[in-house]
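Geometric and topological summary
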Amino acid sequence: GPKERIEEGMRRVARWGAGFGDPEKNREVERAAVAHVRAHFRRLGYVVKSRETENLGYDLDALQKRRMTLHLEVKGVSGELTRFPISYNEVERARTDRLWQLAIVTKAL
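This text gives an overview of the structure that appears in the document. (Residues numbered from 1 in each chain as written. Predicted model: local features only at pLDDT ≥ 70, side-chain atom pairs only at ≥ 80, totals over all residues. Heavy atoms only, no water.)

What about the overall build of the protein chain?
Of the regular secondary structure elements, the protein chain holds three helices and four strands. Reading the secondary structure of the protein chain in the N-to-C direction produces α-α-β-β-β-α-β. In the protein chain, which comprises 109 residues, the proportion classed as buried is 29%. Sequence separation of 24 or more characterises 55% of the internal contacts of the protein chain that already satisfy a separation of 6 or more. (Helix = DSSP H or I, 4+ residues; strand = E, 2+ residues; numbered from the N terminus. Buried < 20%, exposed > 50% of the residue type's maximum accessible area, 1.4 Å probe, protein only. Contact = heavy atoms within 4.5 Å.)

Now the structure itself:
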């Protein structure tokens, strides 16, 4: 089923790496992507709060008066292709949380 396919994909990523650069570069790309998404939503009038360290299946809360709070999962890639690893926790959150949204930043650096 879908859960098994996701778990197999995660095992492949763990075994061979995601193929997206070394861990330090990946962190740099991810930090740049989060900063870009944070700035974008602030320009739209949202108050943005980091939830990155809480392992919730998303990275940022974006709150705006009289609107729903968005739960933003940020994925950054250094090139133009939108290929990235995604955790089982993130997939589960996407399936169960109607506020969850995926923000993909290409050319993040």
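Having seen the model, we can carry on.
A few points about the nonpolar core
Judged by nonpolar contacts, the single largest core of 15 residues is most densely connected at Val-37, Phe-41, Leu-60 and Leu-72. Those elements that provide at least two residues to this core are α2 (23-43), β2 (60-63), β3 (70-76) and β4 (100-105). Counting residues per element, this core draws most heavily on α2, which supplies five residues. With near-sequence residues (within four places) excluded, Leu-60 lies in contact with Val-34, Val-37, Arg-38, Val-48, Lys-49, Ser-50, Arg-51, Leu-70, His-71, Leu-72 and Val-74. (Core = buried A, V, L, I, M, F, W, Y, C linked by side-chain atoms within 4.5 Å.)

Notes on the environment of Ala-33
Mapped onto the secondary structure, Ala-33 falls in helix α2. Separated by 44 residues in the primary sequence, Ala-33 and Val-77 place their C-alpha atoms 7.9 Å from one another. Apart from the residues within four sequence positions on either side, Ala-33 is in contact with Val-74, Lys-75, Gly-76, Val-105 and Ala-108.

Examining unusual backbone geometry
Its identity is not glycine, yet Asn-55 carries a phi of approximately 55°, on the positive side. Position of Asn-55 among the secondary structure elements: in the loop between β1 (47-50) and β2.

Observations regarding the pattern of salt bridges
In the structure shown here, the tally under the stated rule is nine salt bridges. In this structure, the salt-bridge partner of Lys-75 is Glu-73, at a minimum N-O distance of 3.5 Å. When its relative accessible area of 8% is taken as the criterion, Lys-75 is described as buried. Arg-95 serves as the salt-bridge partner of Glu-92, at 2.7 Å between the closest nitrogen and oxygen. Separated by three residues within a single helix, Glu-92 and Arg-95 lie in helix α3 (residues 88-96), roughly one turn from each other. (Salt bridge = Lys/Arg side-chain N within 4 Å of Asp/Glu carboxyl O.)

So, the sheet that holds β2
With mixed pairing, four strands are arranged side by side in an open sheet as β1-β2-β3-β4. Strand pairing shows two members of the sheet lacking a second neighbour, β1 and β4, which therefore form its edges. For this sheet, the mean angle separating the axes of adjacent strands, direction not counted, is 30°. Taken together, the three bridges between β2 and β3 define a ladder with antiparallel strand orientation. If you follow Ala-62 over to β3, its bridge partner there is Leu-70. Across the sheet, α2 lies against β1, β2, β3 and β4, angled at about 140° from β3, the strand it touches most. (Pairing = 2+ DSSP bridges. Axes fitted to C-alpha atoms, helices over the stretch in contact; angles between N-to-C directions.)

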